[in-house]
Amino acid sequence: SQTIHQWPATLVQPVGSPLSLECTVEGTSNPNLYWYRQAAGRGLQLLFYSVGIGQISSEVPQNLSASRPQDRQFILSSKKLLLSDSGFYLCAWRSMAWNTEAFFGQGTRLTVV
Amino acid sequence: AQSVTQLDSHVSVSEGTPVLLRCNYSSSYSPSLFWYVQHPNKGLQLLLKYTSAATLVKGINGFEAEFKKSETSFHLTKPSAHMSDAAEYFCVGPAGNKLTFGGGTRVLVKP
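Reading guide: rules and limits
- Along each chain, residues carry numbers from 1 onward, in the same order as the chain's sequence is written.
- To label them, take the chains in the order written and letter them from A, then take the ligands in the order written and number them from 1.
- Residue-level local features of this predicted model are given only where pLDDT is at least 70; pairs of side-chain atoms are given and counted only at 80 or more, and the full residue set underlies all totals for whole chains, interfaces and linings.
- Side-chain metrics rest on all non-hydrogen atoms present in the structure, leaving aside hydrogens and water.
- Elements are defined by DSSP. Helices are runs of H or I of four residues or more, strands are runs of E of two residues or more, and each kind is numbered from the N terminus.
- A radius of gyration in this sense is built from C-alpha atoms; the matching globule rule multiplies 2.2 Å by the number of residues raised to 0.38.
- Between two residues, a contact is recorded if the distance between any of their heavy atoms is within 4.5 Å.
- The Shrake-Rupley method, run with a 1.4 Å probe sphere, supplies the accessible areas, and residue values consider only the shown protein chains as cover.
- Working convention for charge: Lys and Arg count positive, Asp and Glu count negative, and His plus the chain ends are omitted.
- Where a charge sits is defined by one atom per residue type, namely NZ (Lys), CZ (Arg), CG (Asp) or CD (Glu).
- When two components associate, each loses some accessible surface as probed by a 1.4 Å sphere; the sum of these losses over both components is called the buried area.
- Salt bridge, as used here, is a side-chain nitrogen of Lys or Arg placed within 4 Å of a carboxyl oxygen of Asp or Glu.
- The definition of a polar contact used here is a pair of N or O atoms within 3.5 Å, where within protein one atom must be able to donate a hydrogen and the other to accept one, and adjacent residues in sequence count solely through side-chain atom pairs.
- Asp, Glu, Lys and Arg are counted as charged, while Ala, Val, Leu, Ile, Met, Phe, Trp, Tyr, Cys and Pro are counted as nonpolar; the rest, among them Gly, fall into the polar class.
- Disulfides are defined in this document as cysteine sulfur pairs within 2.5 Å.
- Burial status follows relative accessibility: with a 1.4 Å probe on protein chains alone, a residue under 20% of its type maximum counts as buried, one over 50% as exposed, and anything between as partly exposed.

## Quick notes on the overall build of chain A
In step 1: When its secondary structure is counted, chain A shows zero helices and 11 strands.
In step 2: For chain A, the α and β elements follow one another from N to C terminus as β-β-β-β-β-β-β-β-β-β-β.
In step 3: The C-alpha radius of gyration of chain A comes to 13 Å, within 12% of the 13 Å expected for a compact globule of 113 residues.
In step 4: The C-alpha extent of chain A, read off along each of the three principal axes, is 40 × 25 × 20 Å.
In step 5: Excluding contacts between residues fewer than 6 apart, the proportion of contacts in chain A whose partners are at least 24 apart in sequence is 55%.
In step 6: In the form shown here, chain A has an accessible surface area of approximately 5300 Å², with 53% of it arising from carbon and sulfur atoms.
In step 7: Looking at charge distribution, chain A has the averaged site of its 8 positive side-chain charges lying 8 Å from that of its 6 negative ones.

## A short note on the interface of chain B and chain A
In step 1: Between chain B and chain A, the contact holds 17 residues from the first and 21 residues from the second.
In step 2: Between chain B and chain A, the buried area comes to about 1800 Å², and carbon and sulfur atoms account for 53% of it.
In step 3: Where chain B meets chain A, there are two salt bridges.
In step 4: Inspection of the chain B/chain A interface yields 10 residue pairs in polar contact (both at pLDDT 80 or more).
In step 5: Here the residues of the side of chain B that touches chain A are counted per class, giving eight nonpolar, six polar and three charged.

## Comments concerning the state of the cysteines
All names here are of chain B.
In step 1: One pass over the structure, following the stated rule, counts two disulfides over all chains.
In step 2: What pairs with C23 in a disulfide is C91, and their sulfur atoms sit 2.0 Å apart. Disulfide C23 to C91: torsion about the S-S bond roughly -65°, handedness left-handed. Pair noted here: C23 is in strand β4 (residues 23-26) and C91 is in strand β10 (residues 87-95), with a separation of 68 residues, a long-range link. A single burial state applies to C23 and to C91, both of which are buried.

That's the geometry; what it means functionally is another story.
Take a look at the structure:
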């Protein structure tokens, strides 16, 4: 069966420090991969998605970047964190088949101080 | 493009009473639709999915949803709420390579 791993679960980082969040998927090949952010009391905002290795689509101009160095690995990064980067970050994967559901990781609570 | 609207941002029910969460969709074709639940500081968990088969879909934890094309609705129901159902619920539809989310409904369950 397929599983998705996302870490760390919580992170407290100072303003101006770098960020790296990692997400890996097991049990499937060629997944679509996604990074979402959820601000407190808000819905999900799509940050990046990827349909293949090295293919990244950015949805929102911001202080973050994403990379997909391997088929089942998706990394969210920042060179210098801002206070506004605080939030709950979720990784997800979907099959490339038409009209399929997504499966989500357990999320990372990022607090920038 | 498909859009999804959840009609209630908050729903409050008493334990043991029915739960109804409303979702309308807008699509020019017969869509797939999904309901997810999110507990605090957790990821989204798939409750159930409609994929153009049976219009009444049964999911986990006693939830079910009925796809009604004539009403463009996909409402989520549960006959008897449990305290553990307190969470946020999202109605979601696929949109090409992406997903479109409803705004979410926060469910409060009173003892």
